[in-house]
Amino acid sequence: MSVNRGTFVERRDVNEDFQQVGRAPSEWAGADRVPERLVPTHCSFCGVQCAMHLRVADGQVIGVEPRDYPHNRGSLCPKGIVAYQQASHPDRLTHPLIRRGGKGGRLERATWDEALDYIVGRWQAIQAEHGRDAVAVYSGSSMTNEKCYLTGKFARVGLGTRHIDYNGRLCMSSAATAYARAFGIDRSPLPMTDIPLADCIFVAGSNVAECFPIVMQWIWQARDRGASLIVADPRETPIARTADLWLPVRPGTDVALLNVMLRQVIRDGLVDEAYLAARTTGWADVRAAVEEYTPELAERITGVPAERIVAAARLYGRAPTSLIMHARGIEHSTHGINNCLACINLALARGQVGKPGGGTMMITGQGNGQGGREVGQKANQLPGYRHIDVLEERQYIADVWGIPEPELPQEGAAATEMVKLMADGTIKSCLILCSNLMVSLPDNQTVARALDALDPLVVIDFFLSETAERADVVLPGTVWCEDEGTTTNLEGRIVKINRAAEPPGEARRDWQILSELARRMGRGQFFQYAGTRQIFDELRLASKGGVSDYYGVTWEKIDAQDGVFWPCPTEDHPGTPRLFEERFGHPDGRARMSPLRYEPPAEEPSEAYPFRLTTGRVVYHYLSGTQTRRLGFLNAQAPEPWVEIHPMMAERLGIRDHEIVRVRTPRGAMDLKAVVVPTIRPDTLFIPFHYGHLGAANQLTNPAVDPACKIPEYKACAAAVERLDGRPLDLGEGDRAARVNYTPQTDPKMFPYAVGETKTPASQEAKRF
Amino acid sequence: MAIKTLFVDPSRCIGCRACEAACRECDSHKGESMVMVDFVDRGWSVATQPTVCMHCVDPVAPCAQVCPVLAIQITPEGVVQQAEPSRCIGCRNCVFACPFGVPKFDVEARLMKKCNLCYDRTAQDLKPWCAQACPTQALWYGDYEEFANQRQGRAINLTDFGTQTVRTRVYQVVAAETPALDLAGLLREARAEAGQPERSRQEAWVL
């Protein structure tokens, strides 16, 4: 028996020993113990918005714990697990910065008063000289609904400018337009928990496993029940690897593939005629339009063997319940809207939309990509999806905001158009929030010129992003866990973000910065908020009666029922998890089908540029990487970009695995590591887009945009790859330039246009939503 | 009810390393991962698989058997713990003895380190961090009956090393022998309708 036995008696008060020898009780046990609390919140990254608990001790976020929630059931992907490390990251901006000595100067520490006075002084001078629209706001969607709403209001009321748009324009504006056009409501029609009810899941252009890992558990649950999985992707991504049928489609040719599948479904007699007659319009035109798309034609266009397409159509068509999931792969295109509409046509023809587990589902990329576009920071929309050019809807918002209707600006330029207006001097100054244009916009040399032409460029961010590096004034904002508010995830579920820490140093909450700027602009009376809850209450009112009706949503209700799905028009309404069960969002209650023609991407391979370059994500990074490239664990997994090339082509070009090669497109060239993998089409190259400076894939991508929604073509441009040893590429005798398919459709007129006049009919239609 | 344990299903692994990131969150070895995600055949496939301690049952944990100082303890529930720091002499016998190649030697700390099935969590009926986080449930925690009721595939806890068979607490999942879907038939049907010959016209790389 140990002589120390008494020391280890359970629950013994050790201080007793000291007291026995006459010493004062020590506080060591208490001082050592750090009280820890769990703050329930949601992840800051992708549109899934996984629930998590943040472990908070001593005012610092020190870790993460799982939190069970209907859509993620306690699981997290690697990004979510380390997200908390941002809060006390040494790179955090803790005080305002001003570039002293003009454009060539350095960013130096400044006081808040100095920074805000400078900004407001410049803005007032610019607006007095060049009009209110000379100052623009470029916003983001990785923010709470409250912040997004306030940004829209700040631009239109605080600054009085028409130019407000956000980076969701680059993300899924094509899907948003397609859903609004076909269904009348721009939201994923069903919750994630419906996915296991499908018997066939068709993933079109989405690297679900890497971009939305948590969605995979629902897909696997469906597969455990016997569902089949079809994946269309030029790369064999981790989800394609385990699919029943992989359709390695040539980038940018999706409409051809989807039209053929629809034609095959018709031929096999799998169309739900009763559903089409009762619930849709335009079926006859669609039926006629797809007739010319034979499997053989599709094989030539898409590069997918004809029998595979036919097999896919049957697998899809014969399933009693089938679900199409699509994301950026088909949306980042000059025909993005058509691609999404083609998916919708297919689902409607099978009578799937509105059925539990059936239909189509768009997968939102950004954290609040769904909410961000509903609450009025889109160029053509006011809160609640209200149209900015419809008088009654303008009047409603003007009343909520307390301004006369004529003071409310008209529609402004889309994000991609804004860059052109900055470059040509129409926009003199821009406020950028939570957005990294230098990484996220195509053709980034043009973006750099546009940003450098601004005076001043004002950036609110919490890390010095590639865009903030070019700013004249940088204002330190907050990361997600330092503020309170709501976000709307990819299902349309509104969830609550809770505060876990205070902003470090002099950093301020973004809504306070905006309110203060508005006050100094002489518009403070419209921005009297005591907290984000008041902003949310105003947002509820502003969305009341709109398409995305938040009026019945309260923070308490979100907590009580694990998120609320919009529309939720009254406080006793439970929310709407599944849409279109009875009727669609159009006044006649019917879905509109659209006949579609295949058109090639804006730029096609030629002899000088024999490849198609496509870009995408890796699982360790989020969007422009401003956040994830700073987190050690994530950055260590993928610290730099690379180019994926098929072994067949690598052999032909004499490229070895891990050799540095040069990738060229008509817009520029970059040197990166070649990763020779058989998991990509031989005619395609892939570069991940999360990196800045010389690693930015958007040095190469094509700025051509969809004519209606202005989403750029990130996923298909002509490219060449060559060795660095000086051996020239064998170009042959043929064409030395990329083949460009610019047509009036693919080279759309950019802003400014008179509202409703110079826009094409398609564009007018799209802008209405 | 059978004991709860880990089920490792490599077919579901997407190589996201959420398990590694999660394992680093555990308070007992903060910042270090005891799980590894391996590329199965890099250069030819994107297939990945997580490697965790298999917690050998029979013969009982070779790593513990060869430990000269009894630093590796086995709990009554069959969880093989990592080496007790106060005892471990850094001889690396366990590293060489493990047939699965799991224990890692931390040169700086002069300690053997390995997964202990998140004993602090599992003892309180919580899931291990890796299985809790895993977005695809390639790492899944539960008992055998639950697994068989919910999931496809066959769970196996016997591994042959030459003539010796090792039974482990952790299960590996392999695909069901008969695929549920006759995809070849579907493709044959499509090919025949198009009047194409039986041989595959597909480019070699497509397969």
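Residues numbered from 1 in each chain as written. Chains lettered and ligands numbered in written order. Predicted model: local features only at pLDDT ≥ 70, side-chain atom pairs only at ≥ 80, totals over all residues. Heavy atoms only, no water.

### A few points about the overall build of chain A
Phase 1 of the analysis: Helices and strands together make up the secondary structure of chain A, namely 27 helices and 32 strands.
Phase 2 of the analysis: The C-alpha radius of gyration of chain A comes to 27 Å, within 12% of the 27 Å expected for a compact globule of 769 residues.
Phase 3 of the analysis: Oriented by its inertia axes, the alpha-carbon framework of chain A measures out at about 95 × 80 × 65 Å.
Phase 4 of the analysis: Pairs at least 24 residues apart make up 74% of the contacts formed inside chain A by residues separated by at least 6 positions.
Phase 5 of the analysis: As displayed, chain A offers around 25,200 Å² of accessible surface, 50% of which is attributable to carbon and sulfur atoms.
Phase 6 of the analysis: Side-chain charges in chain A split into 87 positive and 95 negative, and the spacing between the mean points of these groups amounts to 1 Å. (Helix = DSSP H or I, 4+ residues; strand = E, 2+ residues; numbered from the N terminus. Rg over C-alpha atoms; globule rule 2.2 N^0.38 Å. Contact = heavy atoms within 4.5 Å. Areas by Shrake-Rupley, 256 points an atom, 1.4 Å probe, with all protein chains shown as cover. Lys, Arg positive; Asp, Glu negative; His and termini not counted. Charge placed at Lys NZ, Arg CZ, Asp CG, Glu CD.)

### Here's the deal with the packing of aromatic side chains
Phase 1 of the analysis: Tallied over the full model, the rule gives 18 aromatic pairs over all chains.
Phase 2 of the analysis: Where A:W123 meets A:F154, the ring centres are 6.3 Å apart and the plane angle is 50°; that geometry is what we call tilted. Of this pair, A:W123 sits in helix α4 (residues 112-130) while A:F154 sits in helix α5 (residues 145-159), placing them 31 residues apart in sequence.
Phase 3 of the analysis: On the numbers, 4.8 Å between centres and 10° between planes, the contact of B:F7 with B:Y171 is stacked. Taken as a pair, B:F7 in strand β1 (residues 5-8) and B:Y171 in strand β9 (residues 164-174) lie far apart in primary sequence, 164 residues in all. Grouping residues by exposure puts B:F7 and B:Y171 together as buried.
Phase 4 of the analysis: Ring pairs connect the aromatic residues B:F7, B:W140, B:Y144, B:F147 and B:Y171, which therefore count as one cluster.
Phase 5 of the analysis: Stacked on the ring of A:W566, the Lys or Arg A:R187 has its end atom at 5.7 Å from the ring centre.
Phase 6 of the analysis: Directly above the aromatic system of A:F686 lies the positively charged group of A:R235, at a separation of 3.5 Å from the ring centroid. (Phe/Tyr/Trp six-rings, centres within 6.5 Å; stacked < 30°, edge-to-face > 60°. Buried < 20%, exposed > 50% of the residue type's maximum accessible area, 1.4 Å probe, protein only. Lys NZ or Arg CZ within 6 Å of the ring centre and 35° of its normal.)

### Remarks on the environment of A:M261
Residue and element names in this part refer to chain A.
Phase 1 of the analysis: Mapped onto the elements, M261 comes out in helix α10 (residues 254-267).
Phase 2 of the analysis: It is 26 Å that separates the C-alpha atoms of M261 and P191, two residues lying 70 residues apart in sequence.
Phase 3 of the analysis: For M261, the contacting residues outside a window of four places in its chain are F202, I309, A312, A313, Y316 and L346.

### A short note on the interface of chain B and chain A
Phase 1 of the analysis: At the junction of the two partners, chain B supplies 49 residues and chain A supplies 59 residues.
Phase 2 of the analysis: For the pair chain B and chain A, the two sides together bury roughly 4,200 Å², of which 55% comes from carbon and sulfur.
Phase 3 of the analysis: At the boundary of chain B and chain A, one finds seven salt bridges.
Phase 4 of the analysis: Among the salt bridges present, the one from B:E189 reaches A:R318, with a minimum N-O distance of 3.1 Å.
Phase 5 of the analysis: Remark: the boundary between chain B and chain A carries 20 residue pairs in polar contact (both at pLDDT 80 or more).
Phase 6 of the analysis: Within the residue set of the side of chain B that touches chain A, elements represented by two or more residues are α1 (18-23), α5 (129-133) and α7 (183-193) of chain B.
Phase 7 of the analysis: With seven residues, α7(B) is the largest single contributor of residues to the side of chain B that touches chain A.
Phase 8 of the analysis: Residues belonging to the side of chain B that touches chain A are distributed by class as follows: 23 nonpolar, 12 polar and 14 charged. (Buried area = accessible area lost by both parts, 1.4 Å probe. Salt bridge = Lys/Arg side-chain N within 4 Å of Asp/Glu carboxyl O. Polar contact = N/O pair within 3.5 Å; in protein donor to acceptor, adjacent residues only side chain to side chain. Nonpolar A, V, L, I, M, F, W, Y, C, P; charged D, E, K, R; others polar.)

### Quick word on the pairing of strand β7 (residues 139-142) of chain B
All names here are of chain B.
Phase 1 of the analysis: Side chains L139 and Y141 project from β7 onto one buried face, and the interleaved W140 and G142 project onto a second face that is buried too.
Phase 2 of the analysis: Pairing analysis gives four bridges linking β1 to β7, with the strands arranged antiparallel. In the strand pairing of β7, V8 is matched with L139. (Pairing = 2+ DSSP bridges.)

### Let's talk about the environment of A:Y69
All names here are of chain A.
Phase 1 of the analysis: Tracing the backbone shows Y69 in the loop between β3 (60-66) and α3 (78-82).
Phase 2 of the analysis: You can call Y69 buried: its relative accessible area is 4%.
Phase 3 of the analysis: The spatial distance from the C-alpha of Y69 to the C-alpha of M52 is 8.6 Å, given a sequence separation of 17 residues.
Phase 4 of the analysis: With sequence-adjacent residues up to four places away left out, Y69 is seen in contact with H42, A51, G74, R493, V495, I558, D562 and G563.

### Side note on the side chain of A:Q366
All names here are of chain A.
Phase 1 of the analysis: Along the chain, Q366 falls in the loop between β13 (359-362) and α17 (369-374).
Phase 2 of the analysis: Of the polar contacts made by the side chain of Q366, one reaches the backbone nitrogen of S141; its length is 3.4 Å.
Phase 3 of the analysis: Within the structure, Q366 has its side chain in polar contact with the side chain of N167 (distance 2.6 Å).

### Comments concerning the confidence of the model for chain B
Phase 1 of the analysis: Per-residue pLDDT for chain B averages 88, and the proportion of residues at 70 or more is 94%.
Phase 2 of the analysis: Across the predicted assembly, pTM comes out at 0.92 and ipTM at 0.93. (pLDDT = per-residue confidence, 0-100.)

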